[in-house]
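# Coordinate inspection notes
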Amino acid sequence: MTTGTMFSRACMRSGAYTFDYSEYPSLIRGGHNTFQTRVADRPVKSQVKTVNLLVALNQNAIALHKNELAKDAGIVFDPENVNVDDLPEGLNLFPIPLTAIVNQYKGEKIMRNMVALSASLALIGVDFSIIQDLIKESFGKKNPDIVKHNLNNAKAGYEFMKDKESSCKISRATKNKMISISGNESIAMGAVKSGCRFVSTYPMTPSTAIMHFFAKHSEKMGLIMKHTEDEIAGILMAIGASHAGVRSMAATSGGGFSLMVEALGLAAMTETPLVLTVASRPGPATGLPTWTEQSDLRFVMHAAQGDFPRVILAPGDIEESFEAGLQAFNYAEKYQIPAIILTDKFLGESYQSVPPFKTPKGWKIDRGQIAQITSSYKRYEITEDGVSPRAFAGDAIFGAFSNEHNCDGDFTEDAEMRTKMAEKRQKKQIVVKDRVRIYGDDEADVTVFSWGSTKGPVLEAMELAKKEGIKIKLVHTFCVLPFPTEDIARELASAKKAVIIEGNIGAQFAGVVREFTGVEVKHKYLKYDGRPFYPEDILKFIQNV
Amino acid sequence: MALKQAVSELQLDPKNTVLVSGIGCGPKMPLWINVSGFQSLHGRTLPVASGIKLANHKLDVFATSGDGDAYGIGTCHFIHAMRRNIDMVYIVHDNQVYGLTQGQASPTTDKGTHTKSTPFGVIEVATRPLSLAIVSGASFVARGFAGDIPHLKSLIVEAHKHRGFALIDVLQPCVTFNKTNTYQWFQERVYKLGEDYDPTDKMNAIKTAQMWGDKIPLGIYYRENRPTYNDELPQIADKTLREYGVDNIDISELMREYS
């Protein structure tokens with residue numbers, strides 16, 4: 001657990017709802033790192049611009065964040081290395097000698113974090129016992145001295161601050177047990193629940209937490225995570241494992257997906273079920289490795305040689321990330337196609353407190369049609385629905401060929417057979433439930449069309465708008481392919497004013513909407529500075545249209 | 001032909017035997033032999049074969065490529081598969097030319113050779129794949145000759161008995177596009193490594209693997225016993241990954257870590 005994570009866990013355990021958003025540069029160590037926790041009395045799905053309590057560990061933190069401070073914001077800082085003289089009046093200053101406290105307990109400089117963490121939790125009224133538990137859980141496996149040191153420093157920070165007057169107090173809004181989890185980990189959790197036992201991939205920000213999750217739990221849960229030589233091997237090993245009957249996934253970002261593209265076509269041609277998670281970041285090329293963007297939509301929709309159907313799920317929040325991980329394998333296996341989960345840095349690496357995941361009512365694992373093997377078994381038999389009963393390697397003698405093949409799986413260049421096979425792959429009637437999710441007022445002044453991670457900030461903007469007397473409706477697309485044409489067309493037709501909000505410069509989703517519905521949405525809010533959408537900015541945009 | 005005979009001599013269950021190939025001339029092999037086949041992309045044979053073996057280590061996995069597939073476009077996978085020592089037999093049909101694309105130089109084409117892509121002669125020196133294999137960590141490295149099927153068959157049988165990654169480079173003249181390295185050219189040069197050759201001597205094996213030209217050795221250049229990749233995974237010690245199945249997986253313990 002990082003210091004930031006411990007802060008939000010402590011708030012969550014106290015009964016508040018939390019949302020964490022972190023920013024960090026593409027460096028091994030150093031640079032300006034921030035961790036923002038939003039603490040609220042209701043479920044929250046996005047960060048906001050205004051900071052109510054700033055823990056400034058250095059002068060940079062003041063310089064870079066002074067414009068984000070609320071009028072009465074609190075600032076926790078050590079006067080030894082942070083100067084607050086130039087700040088406007090009205091702020092609540094909470095000086096604390098972090099370095100002196102650490103020195104008193106002969107701790108390392110890094111323990112200033114622990115003192116500051118504990119001091120700020122004291123300010124907002126979190127019980128020390130919660131901090132104590134977190135420290136024990138977090139450092140318990142290490143040297144007992146480390147636990148002791150941290151506890152001493154935490155206690156000192158807590159005692160120093162606990163009687164100070166502060167306007168920020170934690171709300172104990174729920175007694176329910178919650179979990180604080182990131183989008184990436186939620187996808188991985190859904191995948192594990194869905195029987196995915198094999199992940200092969202190459203680390204790439206911001207998707208790497210998925211490989212770490214599988215590696216960490218591999219021995220206990222009966223999984224294999226193979227860190228391969230490159231993304232090409234990553235996707236291919238997953239195809240091999242799937243061919244042998246194990247639900248398999250590769251996870252990467254846009255750059256790694258570029259390397260996987262040829263093999264995506266292999267999965268399609270051999271009709272090997274495959275799940276890919278693509279967590280976007282700003283491109284082209286290396287782009288902004290640790291920042292966010294939604295510019296790989298068209299890429300994942302069209303990538304690979306040839307024509308073939310695929311499913312693309314674009315979760316909008318933590319629950320939908322779990323849902324995507326849970327459902328993607330069913331779609332991949334039922335239709336024997338690639339299913340892609342498209343997320344991004346913002347959703348993938350942000351943490352939200354949610355109730356522990358439950359599988360939806362009626363959900364079950366659907367491995368699709370598994371063949372009863374007889375001597376006349378044909379792996380690529382032409383069927384009415386295009387899906388041929390599957391065999392796993394070891395269960396039957398059959399060929400799976402990247403060349404065009406006949407019903408037996410043997411190589412063919414025959415024109416008639418080619419036509420039949422192309423049509424067989426194309427005609428699969430893919431059914432994805434609840435592709436569009438609608439929120440807000442039916443009589444709305446403005447209808448926002450979004451997809452993927454933009455959902456959270458739009459829902460938060462909806463709350464802000466209510467206070468301004470503006471009614472917003474959100475039409476959020478969870479499944480981009482197969483595209484929910486009827487739903488989107490109906491909502492476009494009934495919208496008083498339609499707005500598209502997405503995180504890329506090319507208005508890619510707007511283009512997709514136009515392609516499928518024939519409707520050009522005029523008002524577009526596009527963002528491509530690497531930062532996520534903020535509810536305040538969304539509201540401002542809506543007020544102006 | 002040699003593989004067919006080896007499969008029959010080893011009495012492998014064809015259903016339980018998977019032959020993974022790439023793209024090129026050799027990789028059409030799954031068509032000619034009665035086992036289960038998976039044809040991957042050009043250069044991408046080994047990762048698919050590795051995935052299959054990791055998912056179900058009870059399968060007998062063979063992989064086959066040409067020299068362009070294995071030592072050209074697939075080099076990165078080749079090197080790392082050998083480090084991993086996943087238990088499989090990899091047969092490379094080395095004809096020193098790209099045949100399927102009508103006769104370009106391959107990584108094993110000798111310097112100076114004239115081909116369609118090198119009308120003035122190959123500028124690079126040729127790869128010596130067996131020494132690359134030994135230094136990369138392959139635990140069984142051998143060379144056979146398509147002109148001596150019984151010997152090649154015996155190499156495949158030995159390779160299959162070996163636990164770990166076994167490479168067999170097969171000198172297999174391309175009668176259409178390689179007019180230099182012909183059956184006759186090889187017949188004048190190949191000889192079998194004798195009883196006195198010690199395949200466990202790694203440094204000597206590297207030296208032997210550098211031999212090319214007037215004398216080309218056939219046989220097992222190098223072998224070592226070390227745990228396979230699968231041996232190192234306790235989660236598949238008692239059952240295969242596939243045998244774990246997909247039903248009733250409890251994630252409540254995993255969620256507790258986020259509370």
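Structure shown above.
Computed from a predicted model, the values in this text were never measured in an experiment.

Attention shifts here to the overall build of chain B. Each helix and strand in chain B was counted, giving 10 helices and 10 strands. For chain B, the C-alpha radius of gyration of 20 Å lies close to 18 Å, the compact-globule estimate for 259 residues. Along the first, second and third principal axes, the C-alpha set of chain B runs to 70 × 40 × 35 Å. Long-range pairs, those at least 24 residues apart, make up 67% of the contacts in chain B between residues at least 6 apart in sequence.

Here we come to unusual backbone geometry. Of note, the amide linkage connecting threonine 205 of chain A to proline 206 of chain A takes the cis form, showing an omega dihedral of 5 degrees. Here the amide bond leading from leucine 481 of chain A into proline 482 of chain A is cis, since omega sits at -10 degrees, within 30 degrees of zero. Residue position: proline 482 of chain A is located in the loop between β18 (479-481) and α16 (485-494). The residue aspartate 434 of chain A is not glycine, and still its phi comes out positive at about 50 degrees. Of note, aspartate 434 of chain A is situated in the loop between α14 (415-426) and β15 (436-440). What makes aspartate 434 of chain A partly exposed here is the crowd of 13 C-beta atoms within 10 Å. Of note, the phi angle at asparagine 248 of chain B is positive, near 50 degrees, even though the residue is not glycine. If you trace the backbone, asparagine 248 of chain B turns up in the loop between α9 (241-244) and α10 (252-256).

All right, on to the packing of helix α9 (residues 231-243) of chain A against helix α10 (residues 254-270) of chain A then. Residue and element names in this part refer to chain A. Interaxial distance between α9 and α10 falls to 7 Å at its minimum, and their mutual angle equals 30 degrees. Of the possible angle classes, the one that applies to α9 and α10 is roughly parallel. Regarding α9 and α10, the two cross each other, and that crossing is right-handed. Along the contact surface, α9 presents Glu231, Ile232, Gly234, Ile235, Leu236 and Ile239, while α10 presents Gly256, Leu259, Met260, Ala263, Leu264, Leu266 and Ala267. Tallied by class, residues from the contact of α9 with α10 come to 10 nonpolar, two polar and one charged.

Contact residues are listed per partner, giving 43 residues for chain B and 51 residues for chain A. Those elements giving two or more residues to the side of chain B that touches chain A turn out to be β2 (36-39), α2 (45-55), α4 (75-84), α9 and α10 of chain B. Ranked by residue count, the leading element in the side of chain B that touches chain A is α2 of chain B, at eight residues. Across the side of chain B that touches chain A, the residue classes break down as 25 nonpolar, 13 polar and five charged. Inspection of the sheet shows strand β14 (residues 399-401) of chain A paired to β2 of chain B by three bridges, in the parallel sense.

With that settled, the discussion passes to helix α7 (residues 183-193) of chain A. Residues and elements named next belong to chain A. The element α7 is extensively covered by neighbouring structure, given that 11 of its 11 residues are classed as buried. The set of residues buried in α7 consists of Gly183, Asn184, Glu185, Ser186, Ile187, Ala188, Met189, Gly190, Ala191, Val192 and Lys193. At the exit of α7 stands glycine 195, carrying a positive phi of roughly 95 degrees.

Here we come to the sheet that holds strand β12 (residues 338-344) of chain A. Residues and elements named next belong to chain A. Overall, mixed pairing links the seven strands, which are arranged β8-β7-β9-β10-β12-β11-β18 in an open sheet. This sheet does not close on itself; its edge strands, each paired only once, are β8 (224-227) and β18. On average, each strand axis in the sheet is inclined to that of its neighbour by 20 degrees, with strand direction left out of account. Bridge count for strand β7 (residues 196-201) against β8 is four bridges, and the pairing is parallel. Note on β8: the bridge partner recorded for threonine 201 is histidine 227. The strands touched by α10 within the sheet are β9 (247-252), β10 (274-280) and β12, with β10 carrying the most contacts at an inclination of about 160 degrees. Along the sheet face, helix α12 (residues 318-335) touches β7, β9, β10, β11 (311-313) and β12 and points at about 165 degrees away from the line of β12.

Spatially, the nine strands line up as an open sheet ordered β14(A)-β2(B)-β1(B)-β3(B)-β4(B)-β8(B)-β7(B)-β10(B)-β9(B), and their pairing is mixed. A single partner strand is all that each edge strand has here, and the edge strands are β14 of chain A together with β9 (190-192) of chain B. On average, adjacent strands in this sheet sit at an angle of 20 degrees to one another, irrespective of strand direction. Bridge count between β9 of chain B and strand β10 (residues 216-223) of chain B: three bridges; the pairing is parallel. The partner of valine 190 of chain B across the bridge, within β10 of chain B, is isoleucine 216 of chain B.

Once that is clear, we can look at the packing of helix α1 (residues 3-13) of chain A against helix α5 (residues 128-139) of chain A. All names here are of chain A. Running from N to C, α1 and α5 cross one another at 130 degrees; their axes reach a closest spacing of 10 Å. In terms of axis orientation, α1 runs oblique to α5. Here α1 runs over α5; the crossing is right-handed. Here Met6, Arg9, Ala10 and Arg13 of α1 come into contact with α5, specifically with Ile130, Ile131, Leu134 and Ser138. Taken together, the residues of the contact of α1 with α5 break down into five nonpolar, one polar and two charged.

Parameters at a glance
Residues numbered from 1 in each chain as written. Chains lettered and ligands numbered in written order. Predicted model: local features only at pLDDT ≥ 70, side-chain atom pairs only at ≥ 80, totals over all residues. Helix = DSSP H or I, 4+ residues; strand = E, 2+ residues; numbered from the N terminus. Rg over C-alpha atoms; globule rule 2.2 N^0.38 Å. Contact = placed C-beta atoms within 7 Å. Buried ≥ 20, exposed ≤ 12 C-beta atoms within 10 Å, placed from the backbone. Axes fitted to C-alpha atoms, helices over the stretch in contact; angles between N-to-C directions. Parallel < 35°, antiparallel > 145°, perpendicular 65-115°, else oblique. Left-handed = near helix turned anticlockwise from the far one by under 90°. Nonpolar A, V, L, I, M, F, W, Y, C, P; charged D, E, K, R; others polar. Pairing = 2+ DSSP bridges.

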